[in-house]
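Understanding the architecture of this molecule
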Amino acid sequence: MLNLIAVFLVCSGIGIAVHIAIDLTHRPQSMKIMNAVWILSALWGSYLALWAYNKFGRSSPMKAEDDGMKMDMSGMKDMSNMKGMDMSGMKDNMEMDMAMQGEMSMQGMQRPYWQSVALSALHCGAGCTLADIIGEWFTNYVPVTVAGSQLFGNWVLDFILALMIGVYFQFYAIREMEKISVGNALARAFKADFFSLLSWQVGMYGWMAIVYFVLFINEPLPKDTWIFWFMMQLAMLFGFFCAYPMNALLIKLGIKKGM
């Protein structure tokens, strides 16, 4: 029974990730890195990730925006053909209107606080998800041992990979939002992501410790099984629960910006 549940939810996560990826081709995120975040989040979040994506992650269709831009451009061309028009004055007015519309658009993008924190946590968790997929499959074929334990070796490798990928994701987001130097962006990315990632890993490792030392203590849990990856889905969920309050604190302290 557990194996059937595992097959269903792991396959659901993959299917939902594909669905979101297809939808993102028509509705790309304004912050490019969030395209990868939503796809990776769906792998473990499954139906919860789909609900969150539809609730506060889905962007407006790109086609509608393009059509609006084309109409604006065609309108400008028509006006340029009108004789005796003061084009400079009209241009100034149009720029003012566009600025006001942009400001109103930014105000409309303001999210409720809980959604902003959730997105920040998911952003952190995406790096962990990718790192765990890479790390767990790598150690399945090339065992890594720390202090005589392959389990601790797996966790150390996963944490290092998660930190590297997570800092890159955070660096990418910072560089999209602010035009600052690479060095400053990397320093801020590390500062913003370290404690968030650490809290995520605590929740994830805590659940996997229960899996290894309590639930499956009398039988091995191979990494190439459906049940293992179902347990990893649950581990990511626990990671999210631990990372959420940490991200709320980091945002409150100004160390991290809400998304």
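See the structure printed just above.
Quick caveat, the model's predicted, so the values are computed rather than measured.

Turning our attention to the overall build of the protein chain. For the protein chain, the count of helices and strands is eight helices and zero strands. Taken from the N to the C terminus, the helices and strands of the protein chain come in the order α-α-α-α-α-α-α-α. Burial status across the protein chain gives 40% buried among its 259 residues. Taking the contacts inside the protein chain whose residues are at least 6 apart along the sequence as the reference set, 74% of them involve residues at least 24 apart. Carbon together with sulfur atoms contributes 69% to the accessible area of the protein chain, which is approximately 14700 Å² in total.

General note: in soluble globular proteins, nonpolar side chains tend to be found buried as a group. Membership of the largest hydrophobic core comes to 53 residues, with the highest contact counts inside it found for Met34, Trp38, Trp200, Met208 and Met231. For this core, the elements supplying multiple residues, two or more each, are α1 (2–26), α2 (33–57), α5 (113–141), α6 (150–177), α7 (182–215) and α8 (226–252). Examining the composition of this core, we find that eleven residues originate from one element, α2, more than from any other. If sequence neighbours within four positions are ignored, Trp200 has contacts with Trp44, Ala121, Cys124, Gly125, Cys128, Met236, Gly239, Phe240 and Ala243.

Moving on, we come to the environment of Phe228. Tracing the backbone shows Phe228 in helix α8. Owing to a relative accessible area of 0%, Phe228 belongs among the buried residues under this scheme. Along the chain, Phe228 and Met208 lie 20 residues apart, while their C-alpha atoms are 9.7 Å from each other.

Counted by the stated rule, this structure contains three salt bridges. The partner of Asp23 in a salt bridge is Arg27, and the shortest N-O contact between them spans 3.8 Å. The exposure class assigned to Asp23 is buried, which follows from its relative accessible area of 10%. Sharing partners across several salt bridges, the network here consists of Asp23, Arg27 and Arg58.

Attention now moves to the packing of α6 against α7. When two helices pack together, their arrangement is given by the angle between the helix axes and the distance between those axes. α7 packs onto α6 with a crossing angle of 145° between their chain directions and a minimal axis gap of 7 Å. Considering only the axes of α6 and α7, their crossing is right-handed. Residue composition of the contact of α6 with α7, grouped by class: 22 nonpolar, three polar and four charged.

Here is what the cut-offs are and how they apply
- Residues numbered from 1 in each chain as written.
- Predicted model: local features only at pLDDT ≥ 70, side-chain atom pairs only at ≥ 80, totals over all residues.
- Heavy atoms only, no water.
- Helix = DSSP H or I, 4+ residues; strand = E, 2+ residues; numbered from the N terminus.
- Buried < 20%, exposed > 50% of the residue type's maximum accessible area, 1.4 Å probe, protein only.
- Contact = heavy atoms within 4.5 Å.
- Areas by Shrake-Rupley, 256 points an atom, 1.4 Å probe, with all protein chains shown as cover.
- Core = buried A, V, L, I, M, F, W, Y, C linked by side-chain atoms within 4.5 Å.
- Salt bridge = Lys/Arg side-chain N within 4 Å of Asp/Glu carboxyl O.
- Axes fitted to C-alpha atoms, helices over the stretch in contact; angles between N-to-C directions.
- Left-handed = near helix turned anticlockwise from the far one by under 90°.
- Nonpolar A, V, L, I, M, F, W, Y, C, P; charged D, E, K, R; others polar.

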